[in-house]
Amino acid sequence: MSAPFVLAVPAKGRLQENAEAFFARSGLNLVKPRGARDYRGAIVGLDGVEVAYLSASEITTQLAQGAVHMGVTGEDLIREMIPDADRRVVFIQGLGFGFANVVVAVPQAWIDVRTMADIDDVATAFRHHHGRKMRVATKYVNLTRGFFSANGVIDYRIVESSGATEGAPAAGTAELIVDITTTGTTLAANGLKIVDDGLILKSQANLIAARGADWNEEARAVARVILDRIAAQARARAFREVRARLANSDTALLEAVRQQFGAQTPFGGPTWSGLLTLHCPPDQVYALTNFLRDKGAEAVAVADLDYVFSRDNPLYTLLEGGLDGGGAS
């Protein structure tokens, strides 16, 4: 490749560990050949790929500019930092870590404030009584403006927060906040509560592609390899392989295992010798083995799967559709 395929991942902390573990589960081992302190790496056995270790906000900026092909960052940052995000990036897959909700929180002492409509009423009364707009402390300026506008709240002004946002009401620098939370414990410890309809966004770490990157044929081929591995590992995690030899595996039996146990026949019906291979959801394995034994199987073998590759890859299809269906604004 004339230029490398660039994959951006978080540079430190739990996010880096989780991102590296996610790729490793799919056989994509991220390494730093020049040492642990280096901010450039590679994927073992996959030529033409450069791994860029950046902060989550830097990854978001690089995706917006098309300077990297793919990156791992939170949806909250993408929605906040990239206007019209769905036209500029492709959300390929949520990764199951980095969970956080962007929420509206008010002081617990506001006992009659439970909804955004209540906040609208309080904001109007606050301006009438104090002669100024109610203040909202947040790092999520764009998300806040969009959400408040959608809920008809206009009598407020934003105070951009650079520190611990949850402490702003107690410090007297704001009346309420918009911030991220995972359990709500920190908010409660600071005398705050989330309003009932104040969930702005459920966020998690995502694998995201930049529409504006150079998606030439070679870059797409690399992306196909990466997404094939990820999709194959996800399929493998969703099933166990069940094998049994049956004297009679007719159409009715195959339909029964599909309907009753959610099992699939990845290689079609049984072989000429009666060997039947099924892929079954883990929580249905024991029930399926009992069913097969009742149907005459002398033994049933169950095995974990490492990868299940199929002709169709929904992740790559999603990427291609996003790239070919529209460009960056």
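Let me begin by describing the structure that accompanies this report. Everything numeric in this text was worked out from a predicted model, so none of it was measured.

1. Re the overall build of the protein chain
Part 1 of the reasoning: Broken down by element type, the protein chain carries 12 helices and 15 strands.
Part 2 of the reasoning: The globule rule puts the C-alpha radius of gyration for 329 residues at 20 Å, and the 26 Å found for the protein chain is more than 25% above it.
Part 3 of the reasoning: Seen through its principal axes, the protein chain has C-alpha atoms that stretch 85 × 55 × 40 Å.
Part 4 of the reasoning: Scored against the burial criterion, the 329 residues of the protein chain give a buried share of 45%.

2. Considerations on the pattern of salt bridges
Part 1 of the reasoning: Counted by the stated rule, this structure contains 13 salt bridges.
Part 2 of the reasoning: With a shortest N-O distance of 3.5 Å, D84 and R87 are connected by a salt bridge.
Part 3 of the reasoning: Look at R87 and you get partly exposed, because its relative accessible area is 42%.
Part 4 of the reasoning: Between R135 and E175 there is a salt bridge, with the nearest N and O atoms lying 2.6 Å from each other. Here R135, found in strand β8 (residues 134-138), pairs with E175, found in the loop between α7 (168-171) and β10 (176-181); they are 40 residues apart in sequence, far enough to count as distant. Both residues of the pair, R135 and E175, count as buried.
Part 5 of the reasoning: A single network of salt bridges, built from pairs that share partners, joins E75, R79 and D86.

3. Focus: the environment of A56
Part 1 of the reasoning: Following the sequence through the fold, A56 ends up in helix α2 (residues 56-65).
Part 2 of the reasoning: For the pair A56 and V308, spaced 252 residues apart in sequence, the C-alpha to C-alpha distance is 31 Å.

4. A look at the sheet that holds strand β14 (residues 275-280)
Part 1 of the reasoning: Within the open sheet, the 3 strands sit side by side as β14-β13-β15. Their pairing is antiparallel. This sheet does not close on itself; its edge strands, each paired only once, are β14 and β15 (300-303). Between one strand axis and the next, the sheet turns by 20 degrees as a mean value, whatever way the strands run.
Part 2 of the reasoning: Examined bridge by bridge, strand β13 (residues 240-245) and β15 share 4 bridges and lie antiparallel to one another. Residue pairing for β15: V242 is matched across the bridge by V302.
Part 3 of the reasoning: Along the sheet face, helix α11 (residues 285-294) touches β13, β14 and β15 and points at about 160 degrees away from the line of β15.

Scoring rules and cut-offs
Starting from 1, residues in each chain are numbered consecutively following that chain's sequence as written. A pLDDT threshold of at least 70 governs which residues receive local features in this predicted model, and a stricter bar of 80 or more applies before side-chain atom pairs are shown or counted, although totals over entire chains, interfaces and linings include all residues. The basis for every side-chain value is the complete set of heavy atoms in the structure, and neither hydrogens nor water enter the calculation. Put simply, DSSP marks the helices as runs of H or I at least four residues long and the strands as runs of E at least two long, and each gets a number from the N terminus on. Computation of the radius of gyration draws on C-alpha atoms alone. For the globule rule, the value is 2.2 Å times the number of residues to the power 0.38. Only protein chains enter the accessibility calculation, which uses a 1.4 Å probe. A residue is then buried if its area is under 20% of the maximum for its type, exposed if over 50%, and partly exposed in between. For salt bridges, the criterion is a side-chain nitrogen of Lys or Arg within 4 Å of an Asp or Glu carboxyl oxygen. Being paired, for any two strands, means DSSP has found at least two bridges between them. All axes here are fitted lines through C-alpha atoms, helices being fitted over the stretch that makes contact, and every angle between N-to-C directions spans 0 to 180 degrees. Note on definitions: a residue-residue contact is assigned when non-hydrogen atoms from the two residues lie within 4.5 Å.

Fair warning: the whole summary comes from geometry, so function is off the table for now.
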